[in-house]
Amino acid sequence: MTQRERVDRALLAKAEVEGAVLGDARLSKRLEVIAESVAKRPSESLPDALGDEAALEGAYRFLGNKKVRPEAVLAPHVAQTCRRSGEHKRILAVFDTT
């Protein structure tokens with residue numbers, strides 16, 4: 001098992017969205033819960049990844065909340081990406097045009 005495989009992806013996902021300013025601490029916490037759950041089971045549907053009706057309902061309410069803006073959800077991820085990028089001399093942006 002490599003070091004990369006031993007990383008707890010759920011904790012990384014949570015850290016990636018920590019600090020999201022959504023106007024309500026409960027919304028920020030819900031985002032962390034959703035990110036953790038999906039990271040634990042990335043190939044599952046949202047209902048299966050979240051595990052129960054209450055969590056699924058919470059996710060649907062989160063996604064439908066007018067206070068939840070895509071820019072605000074992405075902001076901590078962008079900040080983390082910039083921080084990590086600053087740790088390296090060269091960054092490759094690889095993409096496939098197919």
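Because the structure is a prediction, the values reported are computed rather than measured. (Residues numbered from 1 in each chain as written. Predicted model: local features only at pLDDT ≥ 70, side-chain atom pairs only at ≥ 80, totals over all residues. Heavy atoms only, no water.)

Caption draft 1: Inspection of the layout of surface pockets at higher detail. In this structure, the largest pocket encloses a volume near 160 Å³. What lines the largest pocket is simply Asp 24, Arg 26, Leu 27, Lys 29, Arg 30, Gly 58, Arg 61, Phe 62 and Asn 65. Elements that contribute at least two residues to the lining of the largest pocket include exactly helix H3 (25-40) and helix H5 (53-64). When residues in the lining of the largest pocket are grouped by element, the largest group, four residues, is from H3. Residue composition of the lining of the largest pocket, grouped by class: two nonpolar, two polar and five charged. (1 Å grid on protein atoms, 1.4 Å probe; cavity = no way out; pocket = protein on both sides within 12 Å on 5 of 7 lines; lining within 4 Å. Points joined across faces, edges and corners; volume = space filled by probe spheres on them. Helix = DSSP H or I, 4+ residues; strand = E, 2+ residues; numbered from the N terminus. Nonpolar A, V, L, I, M, F, W, Y, C, P; charged D, E, K, R; others polar.)

Caption draft 2: Layout of helix H6 (residues 70-85). The terminal C-alpha atoms of H6 lie 22 Å apart, and with 16 residues this matches the ideal 22 Å at 1.5 Å per residue to within 8%. Taken as a whole, H6 carries its principal kink of about 30 degrees at Pro 76. (Expected span 1.5 Å × (residues − 1). Bend = angle between axes of the 7 residues up to and from the residue.)

Caption draft 3: Local environment of the nonpolar core. If you look at the biggest cluster of nonpolar residues, it comprises 15 residues, and the most contacted ones within it are Leu 22, Leu 27, Leu 31, Leu 50 and Phe 62. Not counting chain neighbours up to four residues away, the residues in contact with Leu 31 comprise Val 17, Ala 20, Leu 22, Phe 62 and Val 73. (Core = buried A, V, L, I, M, F, W, Y, C linked by side-chain atoms within 4.5 Å. Buried < 20%, exposed > 50% of the residue type's maximum accessible area, 1.4 Å probe, protein only. Contact = heavy atoms within 4.5 Å.)

Caption draft 4: Fine view of the environment of Phe 62. By the secondary structure assignment, Phe 62 is in helix H5. The buried category is assigned to Phe 62, whose relative accessible area is 4%. Spatially, the C-alpha atoms of Phe 62 and Ile 34 are 9.4 Å apart, while their sequence positions differ by 28 residues. Filtering out sequence-adjacent residues up to four positions away, Phe 62 remains in contact with Leu 22, Leu 27, Arg 30, Leu 31, Ile 34, Val 68 and Val 73.

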